Structures are given as C-alpha cells and as structure tokens.
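# Residue-level structure breakdown
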Amino acid sequence: MEFEIIDFHAHPYESEKNCICIHPTAIKRSANEFIKDMDRCGVNLCCGSVVSLDKKPENLSWWEHIKPLNDEALEIKKLYGDRIFPGVTIHPESVETSIEEIDRFLANGINLIGELVWYVQGYNTYCSKNMQTILDYASEKGMVLSVHPTDYDDMDKLCENHPNLIIVGAHPSENEAFIRHVERAKKYKNYYIDLSGGGIYRYGMTRRLVNEIGAEKILFGSDYPICNLQMYVDGVRNDNLLTKEEKRLILSDNAKRILKI
Ligand SMILES: [Zn+2]
C-alpha cells in the first residue's frame, strides 16, 4: 500500500440497528462487513462514535439512550481493537456521568470524544455551562474532540472556551460554511478540519484548504457508512492537486499525531 489510511471520522457499529447507512437494503450491514469494506478500500483504522439516528424513546433519559452506544463502542474495541478506534459520546444533561465515561474510555486507551452529533442528541450548543465543565475536564485529560458543527459563532466560542483542547470540525462544505471553517482554523491553533461529508466533491476544495490552513490541520474522514468510503479514499489518494507528502499527512500522519497512536 502506498499510503497508510486512518479514517478519522466514521461510525462503527456492532449491532445492525446502529449501521447508519441510509440505503440499508443495498448493503450488507454486519460488523464484519464494515471491516471488509475497510479492507477493500485500503483503510487501516477507523475512528469515531457509535451513533443511533433513532428518535429517543420518551421514557428514557438522554443518558439511558446514549450509554448503550458507548458500551457498544468499547465492545467493538475488544473485537476489532487493531482496526477500530471508537470515540466516546458525552451529554450536557449528565455532567458527572459524562466525566466518568471519559475516564472509562481513557482506561481503555481511548482519548477521542465523538463525533458528537448534537442534532440527534437533543441540544444545539457546545458552549452550555454543563458542556463547558465536561470539556474542561476533557481538555485537562488530553482528549481530542470530534464534532458535527453547530452554528458558526457557537463553533468559534467553543474553540475560544477550550484553547488547549484539540477540536476537529467535520464537513468543510462550501460557501459561507467553508469560509468560516477556514477562518476558525486560522484563528485558533486548536481547530482542525476533517474532510467527511460535503465539500470534497467540489474540484479543488482540498487543495484550497491546504493552501489556506496547511496540510497539518486536515484529517481524512469519510462519515462511512452514511457516506461512500471508497469515494472519499479515492478523493484524497488520487487527488492530482495534492503532493505525496500532503496526502501522507492528511491520510494518516495527522491522526496519529493528535491521537498519539
Ligand atoms: Zn459523522
């Protein structure tokens, strides 16, 4: 393999119900198949949280809804530890428990929070008092935070609130969203961008991002299995506008550096 590939933004699962592919009838959804897809695409390691897109049942608290996802994440680590680096999900409604959960993941060698996906987890800011308390602790412990962006100002404030926490914003997108990602990465040394979701299909996007913020702050991400892993891999590996060294940083070296692996 010419490049080692670490997918910083994926959503692994063990149980088929947590496979978030939106065309589930078209694919094989077993956890084994997830690994096989990684093999087919030449991906060495996938990072990220187990996510459920199901609506939270009314009789459950947010934490009761989320806890099984974290349990599943650690289960996957046990089963496929050399291929999957799961992220922990935290929740602003449960400060103490979220902090304990960070410790539980750290004890299992995991220093990654998220991707946090606020819009399926019942809140819309990463800057509430409770979230700040949890993220202050995360920062102290040297965690890395992966987030689905909230609104532009909220994301700026998040970076400002936790200057020593590495924060990776997903989905570079285009137009104003792209510009705000770039400005944020220039202004805050702790802000990185992962390539998952919208943006990469626009010709020149990754090159422009490298020009603006430097290849050191860009991480390869796919959002697999919601997005097509092969398309994202090829979108970087075969991008004729990037140098070999830039590809190496984006595809694996940066993730290794920030996750200390
Ligand atoms: Zn995602």
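## Examining the pattern of salt bridges
Opposite charge on two side chains permits them to pair, given that their charged atoms come into close proximity. What the rule picks out here adds up to 19 salt bridges. For Glu 33, the salt bridge identified is with Arg 40, shortest N-O distance 3.1 Å. Residue class for Glu 33 comes out buried when judged on its relative accessible area of 11%. Among the ionic contacts, a cluster of salt bridges with common partners joins Glu 33, Lys 36, Asp 37 and Arg 40.

## A look at the coordination of the zinc ion
Within the protein, the zinc ion binds to His 9 (NE2), His 11 (NE2), Glu 115 (OE) and Asp 223 (OD); these donor distances fall in the range 2.1 to 2.2 Å. Around the zinc ion sit four donor atoms, and with donor-metal-donor angles ranging over 85 to 169 degrees the site reads as irregular. Between consecutive donor residues of the zinc ion, the sequence gaps follow H-x1-H-x103-E-x107-D. Of this pair, His 11 sits in the loop between β1 (6-7) and α1 (31-41) while Asp 223 is found in the loop between β8 (218-219) and α8 (229-237), placing the two residues 212 residues apart along the sequence.

## Structural notes on the pairing of strand β5 (residues 144-147)
In summary, the side chains of a regular strand alternate between the two faces of the sheet. Residue alternation in β5 divides its side chains into two sets, Val 144 and Ser 146 and Leu 145 and Val 147, and both sets are buried. Bridge analysis of strand β4 (residues 112-116) against β5 gives three bridges, and the strand direction is parallel. Paired with Leu 112 across the two strands is Val 144, which belongs to β5. Taken together, β4, helix α4 (residues 129-140) and β5 form a β-α-β motif whose crossover is right-handed. As paired strands, β5 and strand β6 (residues 166-169) are joined by four bridges and run parallel to one another. In the strand pairing of β6, Val 144 is matched with Ile 166. Taken together, β5, helix α5 (residues 152-161) and β6 form a β-α-β motif whose crossover is right-handed.

## Some details on the packing of aromatic side chains
Taken as a whole and judged by the stated rule, the model has four aromatic pairs. Here the aromatic rings of Trp 118 and Tyr 119 are separated by 5.7 Å at their centres, their planes lie at 85 degrees, and the arrangement is edge-to-face. Of the residues examined, Trp 118 reaches a relative accessible area of 22% and is grouped as partly exposed. By relative accessible area, Tyr 119 is classed as partly exposed at 46%.

## Digging into a nonpolar patch on the surface
Together, Ile 22, Leu 53 and Ile 226 make up an exposed nonpolar region whose accessible area comes to about 250 Å². Structurally, Leu 53 can be placed in the loop between β2 (45-49) and α2 (62-80). In this structure Leu 53 comes out as partly exposed when scored by relative accessible area, which is 40%.

## Some points on the side chain of Asn 254
Examined against the element boundaries, Asn 254 turns out to sit in helix α9 (residues 244-259). Those residues within four positions of Asn 254 in sequence are excluded, and the remaining contacts are Ala 215, Glu 216, Lys 217, Ile 218, Leu 219 and Leu 249.

## Observations regarding α9
Because an α-helix completes one turn every 3.6 residues, residues spaced three or four positions apart along the sequence face the same direction. The terminal C-alpha atoms of α9, which comprises 16 residues, lie 22 Å apart, in line with the 22 Å expected from a rise of 1.5 Å per residue. For α9, the principal kink sits at Ile 250 and spans about 50 degrees. Looking only at α9, the buried set comprises Glu 246, Lys 247, Leu 249, Ile 250, Leu 251, Ser 252, Asn 254, Ala 255, Ile 258 and Leu 259.

Definitions and limits used
- Residue positions are counted from 1 within each chain, in the order its sequence is given.
- Thresholds applied to this predicted model are a pLDDT of at least 70 for local features of residues and 80 or more for the giving and counting of side-chain atom pairs; totals over whole chains, interfaces and linings are not thresholded and use all residues.
- Heavy atoms from the whole structure form the basis of all side-chain values; hydrogens and water molecules are not counted.
- The term salt bridge refers to a side-chain nitrogen of Lys or Arg lying within 4 Å of a carboxyl oxygen of Asp or Glu.
- Under the scheme applied here, a residue whose accessible area is under 20% of the maximum for its type counts as buried, over 50% as exposed, and between as partly exposed, the area being computed with a 1.4 Å probe on protein chains only.
- Donor atoms are limited to N, O and S found within 2.8 Å of the metal ion, a distance that becomes 3.2 Å for Na, K and Ca. With water left out, some sites might look partial.
- Square planar and octahedral assignments, for four and six donors respectively, both demand that opposite donors be over 155 degrees apart and that all other angles lie between 65 and 115; tetrahedral needs four donors with all angles between 85 and 135 degrees, and anything else is irregular.
- Numbered from the N terminus, helices here are DSSP runs of H or I no shorter than four residues, and strands are runs of E no shorter than two.
- Strands pair, by our definition, only if DSSP identifies at least two bridges between them.
- By convention a crossover is right-handed if, when the strands point away from the viewer, the path from the first strand over the helix to the second runs clockwise.
- Any two rings among Phe, Tyr and Trp, with Trp reduced to its six-membered ring, count as a pair given centres within 6.5 Å; such a pair is stacked if its planes are under 30 degrees apart, edge-to-face if over 60, and tilted if neither.
- Patch criteria: residues need more than 30% relative accessible area and no salt bridge. Like-charged residues are merged within 9 Å; nonpolar side chains of Val, Leu, Ile, Met, Phe, Trp and Tyr are merged within 5 Å.
- Areas reported as accessible are Shrake-Rupley estimates using a 1.4 Å probe. Residue values count occlusion only from the protein chains shown.
- The contact definition used throughout considers only heavy atoms, calling two residues in contact when any of these lie within 4.5 Å.
- Multiply 1.5 Å by the residue count of a helix minus one, and that product is the helix's expected span.
- At every residue, the bend is computed as the angle between two fitted axes, covering the seven residues ending there and the seven beginning there respectively.

These figures come from the coordinates and say nothing about function on their own.
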